[in-house]
Amino acid sequence: YDNAYSIVHEILCRRLIDQEWFPTVNRAGFHAIRQDSSFFLEQWIPFDFSNQSMYSDEDMQSDTHRYGDWRRAPKEWIPYHPSYGDYQVPGNMNRYTTKCLNIGTRQNLLNDYEIEMAFKDAQTNGVAILSFTNHDFRNMEIDIDDIYPRIARIAKNYKDVSFVHSDAVNAMQKTVFKDIGLDTLKLTSKIIQENSMTKLIVNCVKGHVFGSQPYLAIKTKEGRYYHDNFNEREHLKSWEYIFDRSTISVESIDKVAVATNDKYGNQSIVLNDL
């Protein structure tokens, strides 16, 4: 991320402003997490499906360790909070990381043994997430037709474990939280004049933001997209952004969007059209 922050932020700003979309869950490309991307996720994205640690390393190929090395991470199909010092080790970061293996590729494959261990983890823990990924640039039908019958066959050996089909966010919510209510997160935003300054004021009027502040995206009338940080007005409750010659003039702005998640994966997005 250190070498691509401008690109990452432009992509997020475009999706937020043009499509009113912001990520709640992440799976790293090549499952490669480093300290810079770990800290990036910790600011805004509560769920991460990048762990590729395996009970059996027989499918691990040495050349892939240079990308996503997860050999120190928990092998269980159960989410954990990563450590600030080592994203592979359980610690006291706020987000959850969980395991996700590949289908239809050459390494870190979801084999029968890993499926079996997912059901055993569910027996031991009460719940587990058996997740897998594929490449969306190709026809995935063959791989899907292969994996689901194998899961169903192995499930017959675990009559005490039921399983449901789920998206990534819902799976994480049902696994690590109890009694998540609806309508539990809400941002408001407005542009005001205060002390001879033009400000965007953002308040969290319901719930709690994940990380230290919401995500700010700005689109100019020229069609350029920018991200910047807020000033804090009230800790974890209210923020402001000042439009002036040190940042960007309000007259040059087309739209401003603000997004946040909470730790449960609930989301709030507000859009200001200037």
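As a starting point, this report considers the structure included with it.

Cut-offs and rules
Residues numbered from 1 in each chain as written. Predicted model: local features only at pLDDT ≥ 70, side-chain atom pairs only at ≥ 80, totals over all residues. Heavy atoms only, no water. Helix = DSSP H or I, 4+ residues; strand = E, 2+ residues; numbered from the N terminus. Core = buried A, V, L, I, M, F, W, Y, C linked by side-chain atoms within 4.5 Å. Buried < 20%, exposed > 50% of the residue type's maximum accessible area, 1.4 Å probe, protein only. Contact = heavy atoms within 4.5 Å. Pairing = 2+ DSSP bridges. Axes fitted to C-alpha atoms, helices over the stretch in contact; angles between N-to-C directions. Phe/Tyr/Trp six-rings, centres within 6.5 Å; stacked < 30°, edge-to-face > 60°. Lys NZ or Arg CZ within 6 Å of the ring centre and 35° of its normal. Polar contact = N/O pair within 3.5 Å; in protein donor to acceptor, adjacent residues only side chain to side chain. Salt bridge = Lys/Arg side-chain N within 4 Å of Asp/Glu carboxyl O.

1. Section: unusual backbone geometry
Of note, the phi angle at E20 is positive, near 50 degrees, even though the residue is not glycine. If you trace the backbone, E20 turns up in the loop between α1 (5-19) and β1 (25-26).

2. Regarding the nonpolar core
Ranked by internal contacts, the top residues of the largest apolar core, which has 21 residues, are L16, F22 and Y215. Of all the secondary structure elements, the ones that give two or more residues to this core are α1, α2 (35-44), β8 (215-220) and β12 (253-261). At 5 residues, α1 tops the list of elements feeding residues into this core. Excluding its chain neighbours within four sequence positions, the residues that come into contact with L16 are W21, F22, Y215, A217, A257, V258, A259 and I269.

3. Considerations on the pairing of strand β11 (residues 238-243)
Along β11, 6 of the 6 residues are buried, which leaves the element largely enclosed by surrounding structure. Neither face of β11 is open: one carries S238, E240 and I242, the other W239, Y241 and F243, and all of them are buried. One ladder, built from 6 bridges, connects strand β7 (residues 197-206) with β11; its direction is antiparallel. Its bridge partner being in β11, V202 is matched across the sheet by W239. Across 3 bridges, the pairing between strand β10 (residues 231-234) and β11 is antiparallel. Considered in β11, the bridge of N231 is made with E240. In textbook terms, the turn of a hairpin is the stretch between consecutive antiparallel strands, and for β10 and β11 this stretch comprises 3 residues, one of which, L236, has a positive phi near 60 degrees.

4. Topic: the sheet that holds strand β3 (residues 96-99)
Strands sit in the order β1-β2-β3 across an open sheet of 3 strands; the sheet is parallel. Looking at strand neighbours, the two that pair on one side only are β1 and β3, the edges of this open sheet. Alignment of strand β2 (residues 47-51) against β3, held across 3 bridges, turns out to be parallel. Note that in β3 the partner of F47 across the bridge is Y96. Contacting β1, β2 and β3, helix α5 (residues 168-176) runs over the sheet at an angle of about 100 degrees to β2.

5. A look at the environment of T124
Positionally, T124 belongs in helix α3 (residues 112-125). Along the backbone, T124 and K237 are 113 residues apart, and their C-alpha atoms lie at a distance of 39 Å.

6. Digging into the packing of aromatic side chains
Tallied over the entire structure, the rule returns 14 aromatic pairs. Ring geometry for Y96 and F177: centres 5.8 Å apart, planes at 90 degrees, overall edge-to-face. Residue Y96 is located in strand β3, and its partner F177 is located in the loop between α5 and β6 (186-194); the two are separated by 81 residues in the primary sequence. For Y96, a relative accessible area of 14% gives the class buried. Measuring from centroid to centroid gives 4.8 Å for F177 and Y264, while their planes differ by 70 degrees, and the two rings are edge-to-face. Highlighted residues: F177 in the loop between α5 and β6 and Y264 in the loop between β12 and β13 (267-273), separated in sequence by 87 residues. Members of the aromatic cluster, joined through ring pairs, are Y1, Y5, F22, F40, W44 and Y215. Its end group placed over the ring of W21, R15 keeps NZ or CZ at 5.3 Å from the ring centre.

7. Topic: α5
Turn by turn, an α-helix covers 3.6 residues, leaving residues three or four places apart pointing in a common direction. By the burial criterion, the buried members of α5 are V169, A171, M172, Q173 and T175. In this structure, the buried side of α5 is in contact with β1, β2 and β3. For α5, the N-terminal cap is D167; the gap from its side-chain oxygen to the backbone nitrogen of V169 is 3.1 Å.

8. Re the sheet that holds β10
As a general point, the strands of a sheet are linked pairwise by backbone hydrogen bonds and lie either parallel or antiparallel. Pairing in this open sheet of 4 strands is antiparallel, and the strands run β6-β7-β11-β10 from one edge to the other. On the outer flanks of this sheet lie β6 and β10, each paired with one strand and no other. Strand after strand, the sheet turns through a mean of 30 degrees between neighbouring axes, direction not considered.

9. Observations concerning the pattern of salt bridges
Under the definition given, this model contains 14 salt bridges. A salt bridge links E42 to R95; the shortest N-O distance between them is 3.1 Å. One end of the pair, E42, is in helix α2; the other, R95, is in the loop between β2 and β3, and 53 residues separate them in sequence. Comparing E42 with R95 shows no difference in burial state: the two are buried. With its nearest N and O atoms 3.1 Å apart, the salt bridge here joins D146 to R150. Taken together, the residues span about one helical turn, with D146 and R150 both in helix α4 (residues 141-155) at a distance of 4 residues. Relative accessible area serves as the criterion here: at 41%, D146 is assigned to the partly exposed category. Relative accessible area serves as the criterion here: at 18%, R150 is assigned to the buried category. Within the structure, one salt-bridge network assembled from shared partners comprises D112, D146, R150 and R153.

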